[in-house]
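# Summary of the model geometry
Single-letter residue listing:
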Amino acid sequence: MTSQPFSSAGVRWDLADLFASHDDPHIAETLADCRARAEVFSRRFRNTIRTAGGPTPAHLLAAILALEALEEDLKRLGTFADLLYAADTSRPEHRNLREQVELAAIEIGNLVLFFELEWMDLADEVAASLLGHPVLAGYRHYLERLRRQRPHILSEAEERLLNERDNTGRRAFGRLFTELTTSLRFPLERDGRTDTLIMSEVLALVHHKDRTVRQRAYETLFGVLSKHELVLTAVYETLIQDHLTLDRLRRFPHPMAERHLDNEIDEKAVERMTAVTEENYGIAQQYFRLKARLLGLPKLALYDQYAPVSEALPACSLDRARDIVLEAFGDFSPTFREIAQQFFDRRWIDAEVRPGKRGGAFCASPAPSLHPYVLCNYTDNLRDVMTVAHELGHGLHGWLARKLTLFNYDPPLTMAETASVFGEFLVFDHLLRVQEDPRVQLALLCGKIEDTCATVFRQNVLTRFEQAVFERRKGGRFTPDAICQTWIEANRPYYGDAVEMTDGYRWGWSYIPHFIHSRFYCYSYVFGQLLVLSLYRRYKEDGAGFVPRYLTLLEAGGSDAPEVLLGPLGVDFHDPAFWQQGFDEIQSLVDRAEQLAGTLAFQPSGGS
Ligand SMILES: [Zn+2]
């Protein structure tokens with residue numbers, strides 16, 4: 001086990017609310033029961049939704065309720081399998097359970113697939129009269145969302161065929177990517193010896209205080225990746241081609257259209273946001289120049305972006321982190337505090353660092369009838385406090401939305417980070433207030449600005465890259481060189497002359513999982529972060545009056561489209577001024593960091 005025990009030792013979650021253990025007989029019983037219910041569902045409802053005059057509202061409701069209950073039980077199974085696996089990935093019985101549940105879910109999904117297809121197939125006027133019926137009011141948004149897919153679905157036989165073929169098609173290429181990138185080893189020379197690292201370890205070295213180590217980590221990362229150019233290019237190119245083919249078959253007008261439809265957002269709003277983000281790249285460049293001064297460098301290189309600006313960050317135990325988060329949340333709203341408290345009191349959080357446990361952090365909010373769970377790897381670092389705040393923010397969202405039914409529960413992708421990033425801001429401001437050492441304040445500010453740049457500006461660069469690469473693919477097959485060149489071109493406006501892009505960086509696109517597993521996902525991060533920045537600005541302006549409106553937003557989960565949910569908060573994302581508010585907030589953080597650095601007459605630390 002680790003040589004250095006952290007204060008989080010022993011803080012493990014209790015999954016007993018889901019199942020007792022991996023061999024709990026209830027698991028097999030629930031699986032069998034779900035399968036049986038799916039068969040009953042199929043016998044009872046097949047060919048009764050797509051009828052000439054349509055089903056009665058009561059019949060349609062009965063189908064929805066049966067399906068929702070079935071999915072809720074599948075969520076319980078799936079979440080248990082996932083959480084058990086995340087808690088200890090090294091145990092084969094965990095992996096087996098996960099696979100067993102996944103396969104059962106596909107099988108059951110195929111049994112009930114007809115329902116959505118039959119609903120989508122109904123004539124518009126029949127569907128419209130059902131959508132207006134009060135009996136179905138609770139599912140109007142769910143049903144409407146499905147209807148919007150109507151122009152893009154294929155026949156049931158074709159959908160099933162695609163589902164099965166995907167396993168040896170796009171999903172196989174996704175697996176190949178994951179297996180390749182997780183199998184890579186990176187030989188890193190330092191202090192006269194060579195360590196063999198995995199990718200996450202190399203990437204973590206961008207935070208190292210020693211410049212030579214950071215530089216070497218980057219060179220090693222890109223050096224190893226470039227040796228696999230053939231496979232990495234072939235995988236990406238195949239997936240782009242697959243995407244374009246499916247777009248053609250499903251009649252999507254452009255490569256981002258499917259994502260926009262899922263996100264319930266229109267192309268114009270996204271294009272506006274992207275354009276306003278580009279106009280504000282100068283804020284990031286102002287920060288990069290400041291950071292170069294803080295590090296005592298004439299100019300920042302790519303590998304200096306996340307270098308620590310001081311060694312002044314104090315340690316923070318998990319108990320202290322809990323108190324900080326509860327206090328910061330409590331200042332905003334007692335409800336926030338009470339909910340967050342439960343995660344610690346009722347063991348809904350797994351914070352311990354231990355071998356075999358999944359890295360990083362996440363929050364799972366499986367279903368309204370269950371409560372959320374948080375996983376993190378708490379290492380007594382002040383930055384970890386922000387991670388806890390982030391995940392507990394997700395937890396608040398999941399808990400507050402629990403009065404909804406499952407089909408109204410999950411917020412759309414663009415709003416999935418609303419509570420988490422907001423929670424982080426509450427804790428960040430609180431920390432900034434209570435820390436008296438200006439060096440610590442500056443380090444906190446820099447950390448926040450860097451996170452924000454990574455989520456807003458960099459994700460915008462990734463989106464622009466994807467757009468360009470898809471455009472370019474229409475002109476014929478790629479060479480690895482063409483992708484690398486497109487990548488550098490997408491990065492240039494962001495870094496400008498403020499950051500030196502190193503040679504190897506041309507391979508910077510090749511390890512980003514979103515390009516492989518969820519194309520055009522990245523703009524949702526930009527959207528989510530900017531949304532929270534402007535909501536947070538509004539909270540600072542309106543004070544307590546903002547709180548109930550914000551709670552109502554979280555309680556509404558995914559019960560309607562983002563535009564409708566955000567309306568009462570005065571958000572209009574077709575208005576460039578709305579997006580600009582977010583950038584004004586980032587600008588004020590950078591200005592504040594500059595001021596603080598000025599008063600400190602900063603002595604650079606941590607040079608090579
Ligand atoms: Zn998150």
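Because the structure is predicted, anything quoted here is derived from the model rather than measured.

## A word on the packing of helix α17 (residues 418-434) against helix α21 (residues 523-542)
Interaxial distance between α17 and α21 falls to 9 Å at its minimum, and their mutual angle equals 50 degrees. By the angle between their directions, the pair α17 and α21 is classed as oblique. Handedness of the α17/α21 crossing: right-handed. Each of T418, V421, F422, F425, L426 and D429 in α17 lies in contact with α21, whose residues at this interface are Q529, L531, V532, L533, L535, Y536, Y539 and K540. Per-class residue counts for the contact of α17 with α21 are 10 nonpolar, 2 polar and 2 charged.

## Brief notes about the coordination of the zinc ion
Ideal values for angles at a metal depend on the geometry: 109.5 degrees with four tetrahedral donors, 90 or 180 degrees with six octahedral donors. Donor atoms from the polypeptide that bind the zinc ion are H390 (NE2), H394 (NE2), E417 (OE) and E417 (OE), placed at 2.1 to 2.8 Å. The site at the zinc ion holds 4 donor atoms, and with the angles between them running 51 to 140 degrees, its shape is irregular. Along the chain, the residues that donate to the zinc ion are spaced as H-x3-H-x22-E. Placement of the pair is H390 and H394 together in helix α16 (residues 382-400), with a separation of 4 residues, close to one helical turn. Given the relative accessible area of 16%, H390 is considered buried.

## Re helix α18 (residues 438-473)
Along its 36 residues, α18 runs 50 Å from first to last C-alpha, staying within 8% of the 52 Å computed at 1.5 Å per residue. Along α18, the sharpest kink reaches roughly 30 degrees, centred on C453. By the criterion of burial, α18 is predominantly enclosed, with 28 of the 36 residues buried.

## Some words on the packing of α18 against helix α24 (residues 576-600)
Two measures define how a pair of helices packs: the angle their axes make with one another and the distance between the axes. Remark: α18 packs on α24, axes separated minimally by 10 Å, with the N-to-C direction vectors making an angle of 150 degrees. As judged from the angle between their axes, α18 and α24 are roughly antiparallel. Crossing of α18 over α24 shows left-handed handedness. Seen from α18, the contacting residues are P438, R439, Q441, L442, L445, K448, I449, T452, V456 and F457; seen from α24, they are F583, I586, L589, V590, R592, A593, L596, A597 and L600. Grouping the constituent residues of the contact of α18 with α24 by class yields 14 nonpolar, 2 polar and 3 charged.

About the criteria used
Residue indices follow the written sequence of each chain, beginning from 1 at its first position. Totals for whole chains, interfaces and linings use every residue, but because this is a predicted model, local features are given only for residues with pLDDT of at least 70 and side-chain atom pairs only at 80 or more, for both listing and counting. Where side-chain values are given, they derive from all heavy atoms of the structure, hydrogens and water being excluded. Helix axes are fitted only over the stretch in contact, all axes being lines through C-alpha atoms; the angle between N-to-C directions runs from 0 to 180 degrees. Note on conventions: DSSP H or I runs of at least 4 residues are helices, E runs of at least 2 residues are strands, and numbering of each starts at the N terminus. Should an angle fall under 35 degrees it is called roughly parallel, over 145 degrees roughly antiparallel, and 65 to 115 degrees roughly perpendicular, with every other angle called oblique. Crossing handedness is defined as follows: a turn of the near helix away from the far one that is anticlockwise and smaller than a right angle gives a left-handed crossing, while the clockwise case is right-handed. Contact criterion: two residues are considered in contact whenever any of their non-hydrogen atoms come within 4.5 Å of each other. Gly is put with the polar residues, along with every residue not named as nonpolar or charged; the nonpolar set is Ala, Val, Leu, Ile, Met, Phe, Trp, Tyr, Cys and Pro, and the charged set is Asp, Glu, Lys and Arg. Here the term donor refers to an N, O or S atom within 2.8 Å of the metal (or 3.2 Å for Na, K and Ca), and because water is left out of the atoms, sites may appear incomplete. Here a site with four donors is tetrahedral if all angles are between 85 and 135 degrees, and a site with four or six donors is square planar or octahedral if opposite donors are over 155 degrees apart and the other angles are between 65 and 115; anything else gets the irregular label. Accessibility here uses a 1.4 Å probe with only protein chains present; expressed as a share of the type maximum, an area under 20% marks a residue as buried, one over 50% as exposed, and anything in between as partly exposed. To estimate the expected span of a helix, count its residues, drop one, and scale the result by 1.5 Å. Two axes enter the bend calculation: one fitted to the seven residues ending at the residue in question, the other to the seven starting there, and the bend is the angle between them.

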